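# Summary of the model geometry
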Amino acid sequence: VVSSDSFGYVGAALVSTVWVLGFQTFLVGGYRWRSGIKFPQLYAEKAEAAASKDAHLFNCVQRAHQNTLERMPVVLVSTLVTAVKNPLYAAAACGLWSFSRVLYTIGYASGDPIKRNTRGGILGEISLFGLVLGASYTAYQLVQDA
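These notes cover the structure that comes with them. (Residues numbered from 1 in each chain as written. Predicted model: local features only at pLDDT ≥ 70, side-chain atom pairs only at ≥ 80, totals over all residues. Heavy atoms only, no water.)

## A word on helix H6 (residues 123-145)
Quick reminder of the rule: Where helices and strands are cited, they refer to DSSP runs of H or I of at least four residues and of E of at least two residues respectively, numbered from the N terminus. Working rule for helices: expected span equals 1.5 Å times residues minus one. The classification of residues rests on relative accessible area computed with a 1.4 Å probe and restricted to protein chains. Under 20% of the type maximum is buried, over 50% is exposed, and intermediate values are partly exposed. Between two residues, a contact is recorded if the distance between any of their heavy atoms is within 4.5 Å.
Between the first and last C-alpha of H6 there are 33 Å, a value that for 23 residues agrees with the 33 Å anticipated at 1.5 Å per step. Among the residues making up H6, those that are buried are Gly124, Ser127, Leu128, Gly130, Leu131, Gly134, Ala135 and Thr138. Elements that come into contact with the buried residues of H6 comprise helix H3 (53-83) and helix H4 (87-108).

This is how it looks when you write it as C-alpha cells:
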C-alpha cells in the first residue's frame, strides 16, 4: 500500500468530479427553467422537445448529467482502488475523466448528441477503461500480497 504526498492529487481528482456534477446541475437547472419543464418530469416529452429548442436542449444536458451519474460509481471505486498502489496514475486518469466530462457536456449541450464524443468527450471512455484496468491490476496485486 502506497501512502505518500502524491495521494493529495487523488483527493483533488476526486473533488474535480464534484465540480463536474455541479456544473452539469447548473446547466440542467437553467435549461429546465428556460424550457418550462416542471418537476418531477425527468425529461421533456418527445412532442415538447420537437416543439421547443429549449426543451430539446434540456433533454440533452439532462442526458449528459444522467450519463455522468451512471458512470460515477465506477470512476470513484476504480480511482480509489488504483490509488492504493498507483496514486499518480489514478489521479491523472480521474482528472482526465473529469475534464472529458466537461467536454462531453458542452458537446451534448450543443443540441447535437453526436458532438458529445466528437469534441473530446470520448477521452472519458479511454480514461475510464484505464481506471478499470488499473483497479483490476491493483486488486490482483493486493490479493497476491496477502
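## Quick notes on the nonpolar core
As a reminder of what qualifies: Put simply, buried Ala, Val, Leu, Ile, Met, Phe, Trp, Tyr and Cys residues joined by side-chain atoms within 4.5 Å make one nonpolar core.
Of all hydrophobic cores here, the largest spans 14 residues; its most connected members are Val10, Val75, Cys94 and Trp97. Of all elements in the fold, only helix H1 (7-35), H3, H4 and H6 reach the threshold of two or more residues within this core. Not counting the four nearest positions on each side in its chain, Trp97 is found in contact with Thr17, Thr68, Arg71, Met72, Val75, Gly124, Ser127 and Leu128.

## Re a nonpolar patch on the surface
To keep things clear, this is the line we draw: Each patch is assembled from residues with relative accessible area greater than 30% and no salt bridge, linking like charges that lie within 9 Å and nonpolar side chains (Val, Leu, Ile, Met, Phe, Trp, Tyr) that lie within 5 Å. Note on areas: Shrake-Rupley with a 1.4 Å probe; residue coverage comes only from the protein chains shown. We count a salt bridge whenever a side-chain nitrogen from Lys or Arg sits within 4 Å of a carboxyl oxygen from Asp or Glu.
On the surface, a cluster of nonpolar side chains totalling about 430 Å² of accessible area is made up of Leu96, Phe99, Ile122, Leu123 and Ile126. Breaking the nonpolar patch down by element, the ones donating at least two residues are H4 and H6. Positionally, Phe99 belongs in helix H4. Exposure remark for Phe99: the relative accessible area of 48% places this residue in the partly exposed category.

## Focus on the side chain of Asn67
Let me state the cut-off plainly: For the purposes of these results, a polar contact is taken to be a pair of N or O atoms within 3.5 Å, where, inside protein, one atom must be able to donate a hydrogen and its partner to accept one; residues adjacent in sequence count only when each atom of the pair is a side-chain atom.
Turning to its location among the elements, Asn67 is positioned in helix H3. Among the polar contacts listed, one links the side chain of Asn67 to the side chain of Arg101, at a separation of 2.5 Å. The contact partners of Asn67, leaving out residues within four places of it in the chain, are Arg101 and Tyr104.

## Here we look at the pattern of salt bridges
What the rule picks out here adds up to four salt bridges. In this structure, Arg63 and Glu70 form a salt bridge, with 3.1 Å as the shortest nitrogen-oxygen distance. By relative accessible area, which is 26% here, Arg63 ends up partly exposed.

## Observations concerning the packing of aromatic side chains
Note the threshold: Side-chain rings of Phe, Tyr and Trp (the six-membered ring for Trp) are treated as a pair once their centres are within 6.5 Å; stacked means planes under 30 degrees apart, edge-to-face means over 60, and tilted covers the remaining angles. Remark: a charge is flagged as sitting over a ring if the NZ atom of Lys or the CZ atom of Arg is within 6 Å of the ring centre and within 35 degrees of the ring normal.
Per the counting criterion, the structure on display carries one aromatic pair. Judged by centre distance (5.6 Å) and plane angle (85°), the ring pair of Tyr104 and Tyr108 falls under edge-to-face. Pair noted here: Tyr104 and Tyr108 are both in helix H4, with a separation of four residues, about one helical turn. Both residues of the pair, Tyr104 and Tyr108, belong to the buried class. Residue placement shows Arg32 over the ring face of Phe39; its charged tip is 4.0 Å from the ring centre. One cation-aromatic arrangement involves Arg101 over Tyr104; the distance from NZ or CZ to the ring centre is 3.9 Å.

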